[in-house]
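Fold and geometry: a report
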Amino acid sequence: MVVLADRSTDGSGVLEPIRWGTVAHGTHCREGEAGYNVYLAGKMEDTPRSQPISTQRQGIAAQAVQGSVKEPVGQAEIDGPPMLIGKSSLRRIEELARVPERVFTSLAHKIDLYLLGKSFQQVRKSKSAGVDKVTAREYVEHLGKNLYNLHQRLERGQYVAQPVKRIWIEKEGGKKRPIGISALEDKIVQKAAATILNVVYDGKFHPFSHGFREGHSQHEAIIELREQCQKMNVNWIVDADVTGFFDNISKKLLHEIITQRVNDGGMLRLVGKWLHAGVSEEGELSYPEKGTPQGAVISPTLSNIFLHTVLDEWFVKELNPSLTNLRL
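Our subject in this report is the structure included herewith. (Residues numbered from 1 in each chain as written. Predicted model: local features only at pLDDT ≥ 70, side-chain atom pairs only at ≥ 80, totals over all residues. Heavy atoms only, no water.)

Things to note about the sheet that holds strand β4 (residues 176-181)
Heads up, the rule is: Strands are treated as partners if at least two bridges between them are detected by DSSP. Elements are defined by DSSP. Helices are runs of H or I of four residues or more, strands are runs of E of two residues or more, and each kind is numbered from the N terminus. As a rule, the C-alpha atoms of each element are fitted with a line to give its axis, helices using only the stretch in contact, and angles between N-to-C directions run from 0 to 180 degrees.
Taken in spatial order, the four strands line up as β4-β3-β6-β7 in an open sheet, and their pairing is mixed. The open sheet has two free edges, formed respectively by β4 and β7 (284-286), since each of these has just one partner strand. The mean angle between the axes of side-by-side strands here comes to 40 degrees, regardless of whether they run parallel or antiparallel. The sheet contact formed by strand β6 (residues 279-281) and β7 spans three bridges and is antiparallel. Across the sheet, S280 pairs through a bridge with L285, a residue of β7.

Notes on the environment of F104
Note the threshold: By the convention used here, residues are in contact when the closest approach between their heavy atoms is within 4.5 Å.
Positionally, F104 belongs in the loop between α2 (91-96) and α3 (113-123). Here the alpha-carbon distance between F104 and V200, two residues 96 residues apart in the chain, equals 8.3 Å. Residues contacting F104, with those up to four places away along its chain left out, are I93, L96, A97, V200, R261, V262, N263 and D264.

Thoughts on the packing of α3 against helix α6 (residues 184-202)
Quick reminder of the rule: Our angle categories are set so that under 35 degrees counts as roughly parallel, over 145 as roughly antiparallel, 65 to 115 as roughly perpendicular, and the remainder as oblique. Take the far helix as the reference: if the near one is turned anticlockwise from it by less than a right angle, the crossing is left-handed, and if turned clockwise, right-handed. Gly falls in the polar group here, along with every residue not listed as nonpolar (Ala, Val, Leu, Ile, Met, Phe, Trp, Tyr, Cys, Pro) or charged (Asp, Glu, Lys, Arg).
Where α3 contacts α6, the axes come no closer than 8 Å and their chain directions differ by 110 degrees. The orientation of α3 with respect to α6, classified from their angle, is roughly perpendicular. The element α3 and its partner α6 pack so that their crossing is right-handed. For the pair formed by α3 and α6, the contact residues are L115, L116, S119, F120, Q122 and V123 on the first element and L184, K187, I188, V189, K191, A192, T195 and I196 on the second. Looking at the contact of α3 with α6 residue by residue, the class counts come to nine nonpolar, three polar and two charged.

What to know about helix α5 (residues 143-156)
Our working definition: Take the number of residues in a helix, subtract one, and multiply by 1.5 Å to get its expected span. To sort residues, take the accessible area from a 1.4 Å probe on protein chains only and compare it with the maximum for the residue type: under 20% means buried, over 50% means exposed, and anything in between is partly exposed.
The terminal C-alpha atoms of α5, which comprises 14 residues, lie 20 Å apart, in line with the 20 Å expected from a rise of 1.5 Å per residue. Summarising burial for α5: eleven of the 14 residues are buried, a large majority. Three or more residues of α5 are buried, namely L143, G144, N146, L147, Y148, N149, L150, H151, Q152, R153 and L154. G157 lies just past α5 and shows a positive phi near 75 degrees.

Observations concerning α6
Here α6 is 19 residues long and its end C-alpha atoms lie 26 Å apart, about the 27 Å a rise of 1.5 Å per residue gives. Burial runs high along α6: 14 of the 19 residues are buried.

Observations regarding empty space enclosed by the protein
One way to see where empty space is left: roll a probe the size of a water molecule over the atoms. Note the following rule: In this analysis a 1.4 Å probe is tested at points of a 1 Å grid over the protein atoms alone, and where it fits but cannot get out there is a cavity; an open set with protein on both sides within 12 Å along at least five of seven lines is a pocket; lining residues have an atom within 4 Å of a point. Grid points are joined across faces, edges and corners, and a volume is the space filled by probe spheres set on the points.
Counted as a void, the largest cavity has a volume near 80 Å³. In terms of lining residues, the largest cavity is bounded by 14 residues, among which V164, S182, Q190, W274 and A296 are the most central. Going through the elements one at a time, α6 and α10 (265-275) are the ones with two or more residues in the lining of the largest cavity. When its residues are assigned to classes, the lining of the largest cavity shows eight nonpolar, five polar and one charged.

Details of the environment of T292
Mapping T292 onto the fold places it in the loop between β7 and α11 (299-323). Sequence separation of T292 and G180 is 112 residues, and the distance between their C-alpha atoms is 9.0 Å. Not counting residues within four places of it along the chain, the set of residues in contact with T292 comprises F246, I249, L275, S299 and L302.

So, the packing of α6 against α10
Relative to each other, α6 and α10 sit at 135 degrees, their axes nearing to 11 Å. One finds that α6 runs oblique with respect to α10. Crossing hand, α6 versus α10: left-handed. Residue-level inspection shows D186, V189, Q190, A193, I196 and L197 of α6 in contact with α10, the latter providing M267, L270 and W274.

Spelled out as structure tokens, the structure:
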């Protein structure tokens, strides 16, 4: 939703936008490889899942999920390669993200066991199951083992995104809106990726962009609009909505926009897998040429990244200067 507010007393002057919501196979490469071209196109082929892990490894993974293991685990303590377990920190990324022109080339490795465990806690509230028919209650019974296997698949490039289950919900006026339900593990990884991307992009977003951002909400957008109307003697506002945004977003353009800030092969590959995983509806599988599923955990973050460039930046840099001396 976008509102343009005229602050002047005579109907002229600078218009201030307020936005909230949007009622609104990638190629394989080494994670973090700078300058590697990754294209969000084609279907992802299935790859084998990681092998079962030992009881000792399961215990270590379970501890990592709880954040209780702080020191590196050595070769003698586990029956396999050494693994660093501990609390992941995004503070350095946050510091680097303060430079608007910076391009990040190494982000995917931040999706570690700790972040996966935290992400599970954030998405487990949903009781619905995706096409994999796995619920959070079932997954948590062997949480350490499950998250460890998931992490191993991510590291080895064996993680496979499942198709999104599409359902339809009623809207006002008798219309229906499609909602995508992702598999639980896809929700977990998407939440972890969204957490990282939000840190990378949040500092670039304009203050008037309230949609899907931590510390922002539609209520704050309404409050800001009301305050502007009261304090600045606003004469008129324009209320606009982006129709069917999630279903019509250009995947190619989205890829181009993301690579301007995030040129990390691992992260781009994940986004490509989610965008091209397909949609399952009434037993039939399809692969839409455009759009990202509304209801997917990653979709709000991708929508903010997309809209920042095609809408907010366009308004601030191109449209707003031409409206400065507008007369009605």
